[in-house]
Amino acid sequence: LHLRVKDKSKHNNYAINWFQLNLPRICAIIFLSKHLTSDLASTTESSTLLGHPSEDTTTFVSCNVQPFSCLEGCYLYYDRTRLKWIRSGKAVGSRHSNPRRTFALRHEEHKKESLTTKGGKYNKSNFYSCYPSKTLAGDSNDCRRRGYSENLAQYCGVGFDRDSDTASIVSVIEDDGIFAWSKDMLEKVEKLQLSTCTELKDKQLVMIGFLFELGYDLMINSDDNVSESPGFEPCLGIFGGSS
């Protein structure tokens, strides 16, 4: 974790401490979701711990089909040509978001940015430089390119339906909810300035998205992972980089 968040002054940040407190819960959910490789005994500290979508022992579901396309939470990208997981991400808005910040919407935003060379994020983002659209291949000699955005498949990591019961996700009652929420943590979360989020419940759901974004991120081989951000941007003050 400290290798992912390189700035030592951030290591005791409240969001990192909260992540570590909930790490056993994250691992349990990923295990129960059948997202881990079936042969953990053969892995090393630098190995990707996630199984491949095509393995019989895993149950990854595509974000391209309903109801998963309409969920919010943590998503993953898989390179279908190189057969590697290459990043995790978060798509969570609020009950006021219009349109909602679903997996499908975030995927469309990524596709749009992968088509942009000037005035967009291509030159600043390692993700879009590594996986631009094929339509840019003739214009790009970037040595960072590993494939094309069209080679990527979006999968659901952990998702939730905002219209269903999310009480167990945000419950602050010990032994009643899924996650640990201390009084101090809730006070800090309530003070966060998050786009369209004015209610504590919405801010908690955003934090859960960050929680799993980092959890899955740490399970991807750092050599394959093209994301430069550890997540928790509003808490850490890190935007687009792994400082």
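Residues numbered from 1 in each chain as written. Predicted model: local features only at pLDDT ≥ 70, side-chain atom pairs only at ≥ 80, totals over all residues. Heavy atoms only, no water.

### Examining the environment of Leu194
The test is simple: A run of H or I in DSSP becomes a helix once it reaches four residues, and a run of E becomes a strand once it reaches two; helices and strands are each numbered from the N terminus. A simple rule labels every residue: compare its accessible area, found with a 1.4 Å probe on the protein chains alone, to the largest value its type can have, and call it buried under 20%, exposed over 50%, or partly exposed in between. Here, residues are in contact when the closest pair of their heavy atoms is within 4.5 Å.
Looking at the element boundaries, Leu194 is found in the loop between helix 5 (183–191) and helix 6 (200–217). With relative accessibility at 15%, the residue Leu194 sits in the buried group. Setting aside residues up to four positions removed in sequence, Leu194 forms contacts with Lys203, Val206 and Pro234.

### A word on the packing of aromatic side chains
Two descriptors summarise a pair of aromatic rings, namely the distance from one centre to the other and the angle between the planes of the rings. What counts, and what does not: Between rings of Phe, Tyr and Trp, where Trp is taken as its six-membered ring, a pair exists when centres lie within 6.5 Å; planes separated by under 30 degrees are stacked, by over 60 edge-to-face, and by other angles tilted. Put simply, a charge is over a ring when the Lys NZ or the Arg CZ is close to the ring centre, within 6 Å, and near the line of the ring normal, within 35 degrees.
Per the stated rule, a full pass over the model turns up 13 aromatic pairs. Each ring, one from Trp85 and one from Tyr155, has its centre 5.6 Å from the other, and the planes form 75°; the classification is edge-to-face. Linking Trp85 in strand 2 (residues 84–91) with Tyr155 in strand 3 (residues 152–160), this pair joins segments that are 70 residues apart in sequence. Residue classification places Trp85 among the buried positions, given a relative accessible area of 1%. Taken together, the ring pairs in this structure connect Tyr75, Tyr77, Phe103, Phe127 and Tyr128 into an aromatic cluster. Positioned above the aromatic ring of Phe210, the side-chain terminus of Lys90 is 4.7 Å from the ring centre. Lying over the aromatic face of Tyr14, Lys188 brings its terminal NZ or CZ to 5.9 Å of the ring centre.

### A look at the pairing of strand 3
The criterion, for reference: One requirement defines pairing of two strands: DSSP has to find at least two bridges between them.
Most of strand 3 sits inside the fold, with seven of its nine residues counted as buried. Bridging between strand 1 (residues 72–79) and strand 3 involves eight bridges; their strand directions are antiparallel. The partner of Glu72 across the bridge, within strand 3, is Phe160.

### Description of the pattern of salt bridges
Spelled out, the test is: Any carboxyl oxygen of Asp or Glu that lies within 4 Å of a side-chain nitrogen of Lys or Arg is treated as forming a salt bridge with it.
Tallying each qualifying case throughout the model produces eleven salt bridges. Linking Arg162 and Glu72 is a salt bridge whose minimum nitrogen-to-oxygen distance equals 2.9 Å. Of this pair, Arg162 sits in the loop between strand 3 and helix 4 (167–170) while Glu72 sits in strand 1, placing them 90 residues apart in sequence. Each member of the pair, Arg162 as well as Glu72, carries the same accessibility label: buried. For the salt bridge of Glu108 with Lys111, the shortest nitrogen-to-oxygen distance reads 3.5 Å. Taken together, the residues Glu108 and Lys111, both in helix 2 (residues 103–114) and three residues apart, mark about one turn of the helix. Relative accessible area serves as the criterion here: at 39%, Lys111 is assigned to the partly exposed category. Taken together, the salt bridges that share partners define one network made up of Glu72, Arg162 and Asp202.

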